[in-house]
Structures are given as structure tokens and as C-alpha cells.
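Here are the chains, one letter per residue:
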Amino acid sequence: MNKSLLEETIVDSIIGMRKIVDSRNNSVENPNSFKIISYISYWWLRHKPIYIHFPANYDIKSIEIKRNKNEADDSYEKRKLNTIWQLKHMNELVAVHMVLHYIFDFDKTVCKSRQCKRVIKENDGNFCFECFDDMYKAIQKKLTYYFSYRTLAPKVIEHILEAYTFHPAWKLTGKHWNTKDENGELEE
């Protein structure tokens with residue numbers, strides 16, 4: 001972990017949120033959880049504070065991983081390529097974990113498999129997940145793709161996270177939608 005880059009990530013996140021709070025173009029006085037984690041993850045992805053120092057001229061494709069007992073060659077190669085990809089995208093994987101666990105408590109489900117079956121039935125089979133665990137894996141995969149390959153802004157990350165909470169299958173970690181001002185009125 002590069003401490004300087006980590007500090008830059010935190011400072012840039014605070015500066016970005018401060019600009020929003022100080023702006024006269026909106027009524028945001030207290031950034032909600034979505035905005036906070038969106039700015040932190042955005043700057044995390046920009047600065048990439050986690051890195052591995054490889055020797056000069058090192059070819060990451062030559063990395064060796066432990067072969068499982070009786071593992072077929074194609075399975076080994078697939079795992080090896082996945083490991084290489086994970087090493088290249090370490091910061092993106094950490095950012096995905098960070099944002100999801102900031103918003104959701106995945107140890108506490110709100111909807112059980114019975115509710116998932118009901119959602120499937122009520123949507124005429126158009127709900128494409130067999131269970132909420134499948135949905136969790138799809139969310140992780142989709143966020144990892146976006147964080148790795150798409151141009152993002154904090155507001156895009158914020159909207160993605162908000163959308164995931166419209167019908168949460170897992171317990172939320174806090175009152176993320178709480179956007180009331182000091183008078184108890186909803187902010188815009």
C-alpha cells in the first residue's frame with residue numbers, strides 16, 4: 001500500500017465532497033452514505049494506492065500458482081489467468097468490496113429464498129436469478145467490470161449503488177437515504 005496515494009485518495013475525496021456542500025447550485029449540506037463512498041471509491045480508482053512491485057522486465061504471465069491435486073491443465077490455466085487478472089485489477093476489486101460492504105451487511109439477509117421465488121413468480125419468470133446469492137455475484141461482477149473498464153464519475157457510482165438498494169436483499173448498514181437538513185426537511 002502506498003501511504004502517499006492513500007492519503008491523496010482521502011484528501012481528494014474530502015475536497016470533492018466539500019465542493020458539493022459549498023456549492024450554491026444545490027442544497028446538499030450533509031453528504032449521504034452513497035455520496036461519501038462514491039467519492040472515496042472514485043478517488044481510490046484514480047490513485048490506485050495498492051500496487052505490487054515486480055522486478056524490471058518481469059512478465060506477469062509467467063507467474064506460477066499452486067496446482068490443485070488432479071487438476072486438469074485447462075482448469076489450471078483458467079485459474080492462472082484469473083489470478084493474473086486479479087493482480088492487475090487489485091484496486092478495482094478492493095473498491096468493489098469497499099462500496100458493497102459500506103452499503104450492505106451481507107451477513108444479514110432481508111429476503112430469503114422463498115421471497116426470491118415469489119419475485120420470480122410475480123415477474124412472470126423475468127427475474128433472472130435463482131437466488132439472491134446469484135444476484136450478489138452478478139452485482140460484484142458488474143461493478144468489477146465497470147470499475148475496471150468504464151470511465152466513471154462519483155455520481156455514476158452513487159447512482160449505481162442507490163439502484164441496488166431499491167429492493168435490498170441484504171440488510172443496509174445505515175440510513176443511506178437520510179438526506180434531511182437541520183430542520184428535518186428532505187433535501188433535493
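Bear in mind that the values here come from a model prediction, so they are computed numbers and not experimental data. (Residues numbered from 1 in each chain as written. Predicted model: local features only at pLDDT ≥ 70, side-chain atom pairs only at ≥ 80, totals over all residues. Heavy atoms only, no water.)

### Considering the packing of helix α4 (residues 90–103) against helix α6 (residues 132–149)
And then number 1: With their axes 9 Å apart at the nearest point, α4 and α6 run at an angle of 130° to one another. On the basis of the axis angle, α4 is oblique to α6. α4 and α6 meet at a crossing whose hand is right-handed. Counting all contacts with α4, which are made through Glu92, Leu93, Ala95, Val96, Val99, Leu100 and His101, the residues of α6 involved are Tyr136, Ile139, Gln140, Leu143, Thr144, Phe147 and Ser148.
And then number 2: Its residues assigned to classes, the contact of α4 with α6 shows 9 nonpolar, 4 polar and 1 charged. (Axes fitted to C-alpha atoms, helices over the stretch in contact; angles between N-to-C directions. Helix = DSSP H or I, 4+ residues; strand = E, 2+ residues; numbered from the N terminus. Parallel < 35°, antiparallel > 145°, perpendicular 65-115°, else oblique. Left-handed = near helix turned anticlockwise from the far one by under 90°. Contact = heavy atoms within 4.5 Å. Nonpolar A, V, L, I, M, F, W, Y, C, P; charged D, E, K, R; others polar.)

### Notes on the packing of α6 against helix α7 (residues 154–164)
Each pair of packed helices can be described by the angle between their axes along with the distance between the axes.
And then number 1: Running from amino to carboxyl end, α6 crosses α7 at an angle of 175°, the nearest separation of the two axes being 12 Å. One finds that α6 runs roughly antiparallel with respect to α7. Mapping the contact onto sequence places Ile139, Lys142, Leu143 and Phe147 in α6 and Ile157, Ile160 and Tyr164 in α7.
And then number 2: Its residues assigned to classes, the contact of α6 with α7 comprises 6 nonpolar, no polar and 1 charged.

### Considering unusual backbone geometry
And then number 1: In this structure, Asn57 is a non-glycine residue whose phi angle is positive, near 65°.
And then number 2: Mapping Asn57 onto the fold places it in the loop between α2 (33–47) and α3 (73–88).

### Observations concerning the environment of Asn25
And then number 1: Residue placement: Asn25 occurs in the loop between α1 (3–22) and α2.
And then number 2: Linking Asn25 and Lys61, residues 36 residues apart in sequence, is a C-alpha distance of 49 Å.

### Some remarks on the layout of surface pockets
And then number 1: Approximately 250 Å³ is the volume found for the largest pocket.
And then number 2: Lining the largest pocket are Asn82, Trp85, Gln86, Leu93, Lys137, Gln140, Lys141, Thr144 and Tyr145.
And then number 3: Residue composition of the lining of the largest pocket, by class: 3 nonpolar, 4 polar and 2 charged. (1 Å grid on protein atoms, 1.4 Å probe; cavity = no way out; pocket = protein on both sides within 12 Å on 5 of 7 lines; lining within 4 Å. Points joined across faces, edges and corners; volume = space filled by probe spheres on them.)

### Here's the deal with the nonpolar core
And then number 1: Core analysis: the biggest nonpolar cluster contains 34 residues, and Leu100, Phe132, Leu143, Phe147 and Trp170 have the highest contact counts within it.
And then number 2: Secondary structure elements with two or more residues in this core: α1, α2, α4, β1 (104–109), α6 and α7.
And then number 3: It is α2 that provides the largest number of residues to this core, a total of 7 residues.
And then number 4: Not counting residues within four places of it along the chain, the set of residues in contact with Leu143 comprises Val96, Val99, Leu100, Ile160 and Tyr164. (Core = buried A, V, L, I, M, F, W, Y, C linked by side-chain atoms within 4.5 Å. Buried < 20%, exposed > 50% of the residue type's maximum accessible area, 1.4 Å probe, protein only.)

### Comments concerning the pattern of salt bridges
And then number 1: In this structure the tally under the stated criterion is 7 salt bridges.
And then number 2: A salt bridge links Glu92 to Lys48; its shortest N-O distance comes to 2.4 Å. Placement of Glu92 in helix α4 and of Lys48 in the loop between α2 and α3 is noted, with a sequence separation of 44 residues between them.
And then number 3: Classification of Glu92 as buried rests on a relative accessible area of 4%.
And then number 4: We note a salt bridge from Asp105 to Lys108, for which the minimum N-O separation is 3.8 Å. (Salt bridge = Lys/Arg side-chain N within 4 Å of Asp/Glu carboxyl O.)

So far we have only geometry, and geometry alone does not tell us how the molecule works.
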